[in-house]
Amino acid sequence: DARVTQTPRHKVTEMGQEVTMRCQPILGHNTVFWYRQTMMQGLELLAYFRNRAPLDDSGMPKDRFSAEMPDATLATLKIQPSEPRDSAVYFCASGLETNTGPGTDTQYFGPGTRLTVL
Amino acid sequence: KNQVEQSPQSLIILEGKNCTLQCNYTVSPFSNLRWYKQDTGRGPVSLTIMTFSENTKSNGRYTATLDADTKQSSLHITASQLSDSASYICVVKWRAAGNKLTFGGGTRVLVKP
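Residues numbered from 1 in each chain as written. Chains lettered and ligands numbered in written order. Predicted model: local features only at pLDDT ≥ 70, side-chain atom pairs only at ≥ 80, totals over all residues. Heavy atoms only, no water.

Engineer: Help me get a handle on the nonpolar core, residues and values and all.
Structural biologist: The biggest cluster of nonpolar side chains holds 24 residues, and the ones touching the most others in it are Leu21, Tyr25, Leu33, Trp35, Leu75, Tyr88 and Val92 of chain B. Those elements that place two or more of their residues in this core are β2 (10-14), β3 (19-25), β4 (30-38), β5 (45-51), β7 (62-67), β8 (72-77), β9 (86-94) and β11 (107-112) of chain B. Every residue in contact with leucine 21 of chain B, bar those within four places of it in the chain, is listed here: Ser7, Leu11, Trp35, Ser73, Ser74, Leu75, Tyr88, Thr107 and Val109 of chain B. Core analysis: the next-biggest nonpolar cluster, separate from the first, contains 22 residues, Ile26, Ala67, Ala75 and Val117 of chain A among them. (Core = buried A, V, L, I, M, F, W, Y, C linked by side-chain atoms within 4.5 Å. Buried < 20%, exposed > 50% of the residue type's maximum accessible area, 1.4 Å probe, protein only. Helix = DSSP H or I, 4+ residues; strand = E, 2+ residues; numbered from the N terminus. Contact = heavy atoms within 4.5 Å.)

Printed below as a string of structure tokens:
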């Protein structure tokens, strides 16, 4: 049963510290997404990769957030320095985009990383 | 501005009853519309995906409809079960550069015995 895995599941840190969240997409998927979810804002797209290339990171605060895919089995989201307003659940999702049409790309979400910045 | 509005914000229904959730969007040009179910403490799970040319799609007791003319979609839950208690999120994908997704705020459904 293939699934997206995320680590850590929970992270509590102090303001100013660096936070790194990791995601292992489903093997064979060619897209990876990072989302942030809060009670106030709901789900927001932070970054989107296809074939490991960043296609859209317009939703991400560039001064402190960075997203990378060092290889096809690992995606990372880093916050440096972290701030209390970054407290949220961060979801990674992966999918398989093909050229057969706009409705083919189901995204499979990981369990999320719950981040608390004190 | 491209927006997705969902209603109601929350809903309480009795087990066995039906309910309908609404999603209105202003996204244009439109590529597809998805409904996700999110259980508390878990990631969203895809229920249905509809392209602009489809007007209904079912997944078990979940049926989504789409009216591209009025830019409205609904998700109908038939014979609700306790396990249907979750948030339901409507997501619209733009047919534009970057294929951006616009998310609704979700409807929280509570099914009571």
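Engineer: Break down the interface of chain B and chain A for me, citing the residues and quoting the values.
Structural biologist: Taken residue by residue, the interface counts 20 residues in chain B and 20 residues in chain A. Seen at the junction of chain B and chain A, the total is zero salt bridges. Applying the counting rule to chain B against chain A returns one residue pair in polar contact (both at pLDDT 80 or more). If one sorts the elements of the side of chain B that touches chain A by residue count, β4 of chain B sits on top with five residues. Its residues assigned to classes, the side of chain B that touches chain A comprises six nonpolar, nine polar and five charged. (Salt bridge = Lys/Arg side-chain N within 4 Å of Asp/Glu carboxyl O. Polar contact = N/O pair within 3.5 Å; in protein donor to acceptor, adjacent residues only side chain to side chain. Nonpolar A, V, L, I, M, F, W, Y, C, P; charged D, E, K, R; others polar.)

Engineer: Could you give me a rundown of the layout of surface pockets, with the residues and numbers involved?
Structural biologist: Each pocket or cavity is described by its volume, and for the second largest pocket that value is around 510 Å³. Lining the second largest pocket are 20 residues, and of these Arg3, Phe109 and Gly110 of chain A together with Arg42 and Val45 of chain B lie nearest its centre. Among the elements of the structure, β10 (107-109) of chain A together with β5 of chain B are those that each provide at least two residues to the lining of the second largest pocket. The element contributing the most residues to the lining of the second largest pocket is β10 of chain A, with three residues. Each residue belonging to the lining of the second largest pocket can be placed in one class, and the counts come to eight nonpolar, seven polar and five charged. (1 Å grid on protein atoms, 1.4 Å probe; cavity = no way out; pocket = protein on both sides within 12 Å on 5 of 7 lines; lining within 4 Å. Points joined across faces, edges and corners; volume = space filled by probe spheres on them.)

Engineer: Describe the side chain of serine 80 of chain B, naming the residues involved and giving the relevant values.
Structural biologist: Residue and element names in this part refer to chain B. Position of serine 80 relative to the elements: it lies in the loop between β8 and β9. For serine 80, a relative accessible area of 2% corresponds to the buried category. A distance of 3.2 Å separates the side chain of serine 80 from the backbone oxygen of leucine 14, its partner in a polar contact.

Engineer: Explain the state of the cysteines residue by residue, including any values.
Structural biologist: Applying the stated criterion across every chain, the model contains two disulfides over all chains. Sulfur-sulfur distance for the disulfide between cysteine 23 of chain A and cysteine 92 of chain A comes to 1.9 Å. Looking along the S-S bond of the cysteine 23 of chain A-cysteine 92 of chain A disulfide, the torsion reads about -60 degrees, which is the left-handed sense. Residue cysteine 23 of chain A is found in strand β3 (residues 19-24), and its partner cysteine 92 of chain A is found in strand β9 (residues 88-95); the two are separated by 69 residues along the sequence. Linked covalently through their sulfurs, cysteine 23 of chain B and cysteine 90 of chain B form a disulfide whose S-S length is 2.0 Å. Because the torsion about its S-S bond is -65 degrees, the bridge between cysteine 23 of chain B and cysteine 90 of chain B counts as left-handed. Of the two residues, cysteine 23 of chain B is situated in strand β3 and cysteine 90 of chain B in strand β9; the sequence distance between them amounts to 67 residues. Here the two residues cysteine 23 of chain B and cysteine 90 of chain B agree in accessibility, since each one is buried. (Disulfide = S-S within 2.5 Å.)

Engineer: Kindly report on the sheet that holds β3 of chain B, identifying the contributing residues and their values.
Structural biologist: The strands making up a sheet associate through hydrogen bonds between their backbones, and the pairing can be parallel or antiparallel. Residue and element names in this part refer to chain B. Ordered by their spatial adjacency, five strands build an open sheet running β1-β3-β8-β7-β6, and the pairing between neighbours is antiparallel. Of all the strands in the sheet, the pair left with one neighbour each is β1 (4-7) and β6 (56-59). Between one strand axis and the next, the sheet turns through 15 degrees on average, direction left out of account. Both β6 and β7 contribute to a ladder of four bridges, which runs antiparallel. (Pairing = 2+ DSSP bridges. Axes fitted to C-alpha atoms, helices over the stretch in contact; angles between N-to-C directions.)

Engineer: Any chance you could break down the packing of aromatic side chains for me, citing the residues and the numbers?
Structural biologist: Residues and elements named next belong to chain B. If you walk through the whole model with that rule in mind, you get seven aromatic pairs over all chains. With a centroid separation of 6.0 Å and an interplanar angle of 45 degrees, the aromatic rings of tyrosine 62 and tyrosine 88 are classed as tilted. Of the two residues, tyrosine 62 is situated in strand β7 and tyrosine 88 in strand β9; the sequence distance between them amounts to 26 residues. (Phe/Tyr/Trp six-rings, centres within 6.5 Å; stacked < 30°, edge-to-face > 60°.)

Engineer: So what's going on with the pattern of salt bridges? Which residues, and what values?
Structural biologist: All names here are of chain A. Using the criterion set out here, one finds eight salt bridges over all chains in the structure. Ionic pairing is found between arginine 85 and glutamate 83, a salt bridge with its closest N-O pair at 2.5 Å. For glutamate 83, a relative accessible area of 23% puts it in the partly exposed group. Where salt bridges share partners, they join Arg64, Glu83, Arg85 and Asp86 into one cluster.

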